[in-house]
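Survey of secondary and tertiary structure
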Amino acid sequence: KKMGVIPQKKIVKLPPFRVALNSLSELESKKLWQQGMIKEYHSEITGIIRKYYEDRFNFRALEMTSAEVLDSLADKDNSNNVVEITRDFLNNADLVKFAKFKPIPTINEDMMKQAYEIVNMTKVEEEVKVETVEVNNV
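In what follows, the accompanying structure is described. Predicted, not measured: the structure shown is a model, and the values here were computed from it.

Between helix α1 (residues 16-30) and helix α5 (residues 105-122), whose axes approach to 10 Å, the crossing angle comes to 170°. Classified by the interaxial angle, the pair formed by α1 and α5 is roughly antiparallel. Contacts between α1 and α5 involve Phe17, Ala20, Leu21, Leu24, Ser25, Leu27 and Glu28 from the former and Met112, Ala115, Tyr116, Val119 and Asn120 from the latter.

See the structure below:
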């Protein structure tokens, strides 16, 4: 066996708010609801916010009902404003996803505005973390 340097790879880990903002921007550029893919749009946008809540507040938002997310959020964040915006946001998405509600275009636009507002109101400026991991060349 050769003795030598173990190859390493640096992984840049972005803070949760950066990941969420990047994902929202990417979703916006897809223009799903403008193409009639309204349910997919609402599923993706709520998935982004739920993932953000998981990473930011450390609760399993992706596996919770909307009511459970709101309860957990109320325990973690002292701002009633964030809870209210999230309630409106999740209620609109649930109507589209589960009740076959067809929202007017302004509701779809408001969903994106609310998503950005949720992230910006709850973000914590963190340093970008760089992790070094060993790479196995198997």
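Past the structure itself, the notes keep going.
A separate point is unusual backbone geometry. For lysine 31, which is not glycine, the phi torsion reads 55° and is therefore positive. Inspection of the secondary structure assignment puts lysine 31 in the loop between α1 and α2 (38-57). Phi at asparagine 58 is positive, roughly 60°, even though this residue is not glycine. Tracing the sequence through the fold places asparagine 58 in the loop between α2 and α3 (66-76). Given the relative accessible area of 64%, asparagine 58 is considered exposed.

Let us now look at the environment of alanine 115. The residue alanine 115 is located in helix α5 in this model. According to the relative accessible area criterion, alanine 115 is buried, its value standing at 0%. C-alpha of alanine 115 to C-alpha of leucine 24: the two residues are 91 residues apart in sequence and 7.8 Å apart in space.

The next thing to look at is the packing of α2 against α3. In the contact formed by α2 and α3, the axes pass within 12 Å of each other and the chain directions differ by 30°. Crossing angle aside, the handedness with which α2 passes α3 is left-handed. Contacts between α2 and α3 involve Arg50, Tyr53 and Phe57 from the former and Ser66, Val69, Leu73 and Lys76 from the latter.

Glancing now at the environment of alanine 74. With respect to the secondary-structure elements, alanine 74 resides in helix α3. When its relative accessible area of 41% is taken as the criterion, alanine 74 is described as partly exposed. Separated by ten residues in the primary sequence, alanine 74 and glutamate 84 place their C-alpha atoms 9.7 Å from one another.

Turning our eyes to something else, we now look at the packing of aromatic side chains. Under the defined criterion, the tally for this structure stands at four aromatic pairs. A connected cluster of aromatic rings, assembled from ring pairs, spans Tyr52, Tyr53, Phe57 and Phe59.

Rules and cut-offs
Residues numbered from 1 in each chain as written. Predicted model: local features only at pLDDT ≥ 70, side-chain atom pairs only at ≥ 80, totals over all residues. Heavy atoms only, no water. Axes fitted to C-alpha atoms, helices over the stretch in contact; angles between N-to-C directions. Helix = DSSP H or I, 4+ residues; strand = E, 2+ residues; numbered from the N terminus. Parallel < 35°, antiparallel > 145°, perpendicular 65-115°, else oblique. Contact = heavy atoms within 4.5 Å. Buried < 20%, exposed > 50% of the residue type's maximum accessible area, 1.4 Å probe, protein only. Left-handed = near helix turned anticlockwise from the far one by under 90°. Phe/Tyr/Trp six-rings, centres within 6.5 Å; stacked < 30°, edge-to-face > 60°.

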